[in-house]
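For reference, the chains in residue letters:
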Amino acid sequence: MRVYVPLTLPGLAEAHKTGELGPGPLAAYAVTPGLREWYVSDDIEELEYAALNRAAAASLRLIAADPAAARRRVVVAADVPDREAVSDPDLRLDASSLGEVRIAAAIALTKAAAVHVDSDDADADVTAAAAALGAADHGDDDARFTVDGAEDHELLWFGIQEIPNLIA
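Reading the values: rules and limits
- Residues numbered from 1 in each chain as written.
- Predicted model: local features only at pLDDT ≥ 70, side-chain atom pairs only at ≥ 80, totals over all residues.
- Heavy atoms only, no water.
- 1 Å grid on protein atoms, 1.4 Å probe; cavity = no way out; pocket = protein on both sides within 12 Å on 5 of 7 lines; lining within 4 Å.
- Points joined across faces, edges and corners; volume = space filled by probe spheres on them.
- Helix = DSSP H or I, 4+ residues; strand = E, 2+ residues; numbered from the N terminus.
- Nonpolar A, V, L, I, M, F, W, Y, C, P; charged D, E, K, R; others polar.
- Axes fitted to C-alpha atoms, helices over the stretch in contact; angles between N-to-C directions.
- Parallel < 35°, antiparallel > 145°, perpendicular 65-115°, else oblique.
- Contact = heavy atoms within 4.5 Å.
- Polar contact = N/O pair within 3.5 Å; in protein donor to acceptor, adjacent residues only side chain to side chain.
- Left-handed = near helix turned anticlockwise from the far one by under 90°.

A few words on the layout of surface pockets. If you add up the space inside the largest pocket, you get close to 570 Å³. Those elements giving two or more residues to the lining of the largest pocket turn out to be helix H2 (33–39), helix H3 (44–65), helix H4 (123–137) and helix H5 (141–151). In terms of residue count, H3 provides more of the lining of the largest pocket than any other element does, 9 residues in total. The residue makeup of the lining of the largest pocket, split by class, is 14 nonpolar, 3 polar and 7 charged. Taken as a whole, the second largest pocket holds about 230 Å³ of empty space. Val5, Pro6, Leu7, Ala27 and Leu62 are, among the 15 residues lining the second largest pocket, the residues nearest its centre. Those elements that provide at least two residues to the lining of the second largest pocket are strand E1 (2–7), helix H1 (9–18), strand E2 (20–21), strand E3 (26–29) and H3.

See below:
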């Protein structure tokens, strides 16, 4: 199963240093039954893109919680055995947890397929979105609009061998 692990650039640097995403348990996003039902599509590429975007939103929350982190969302795509990515069936249609899975143990970085990172031009929108998250969570429409501004930026694709350049 392809999973999308939300990180920050310091988190990516740590993963590069240790050779693994973790320690476990890890929150990640994947094409779960709930995500399939919510997205109403059978196109696996569309569903994986939706899971990637869910992970990007989780990365934004990690950025908001770490004032020292660079304002660039980071998601690592990795392949794990299906049995290792566990979704909570009770949260199947809970909008806040669509596609969320738990991975019990660390994931070896050798299992990663790609890294997705914001470009430099997303910095201002990601910074504003991270600052607006709290208000957006409390129903402020203007703040929600600001958060959506970060979501308008497509994450760029990088190979695992490019991690040293990303964290430099």
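On to the packing of H3 against H4, then. Where H3 contacts H4, the axes come no closer than 9 Å and their chain directions differ by 95°. Our classification of the angle between H3 and H4 gives roughly perpendicular. Between H3 and H4, the contacting residues are Leu60, Arg61, Ile63 and Ala64 on the first element and Val126, Ala129, Ala130, Leu133 and Asp137 on the second. Split by residue class, the contact of H3 with H4 holds 7 nonpolar, no polar and 2 charged.

Relative to the helices and strands, His153 is located in the loop between H5 and strand E9 (156–158). At a separation of 2.6 Å, a polar atom in the side chain of His153 contacts the side chain of Asp125. His153 has contacts with Arg73, Asp118, Asp121, Ala122 and Asp125, leaving out every residue within four places of it along the chain.

With that settled, consider the packing of H4 against H5. The interhelical angle for the contact between H4 and H5, taken along N-to-C directions, is 145°, at an axis separation of 7 Å. Both H4 and H5 take part in a crossing whose hand is left-handed. Seen from H4, the contacting residues are Asp125, Val126, Ala128, Ala129, Ala132, Leu133, Ala135 and Ala136; seen from H5, they are Ala143, Arg144, Thr146, Val147, Gly149 and Ala150. Of the residues belonging to the contact of H4 with H5, the class tally is 10 nonpolar, 2 polar and 2 charged.

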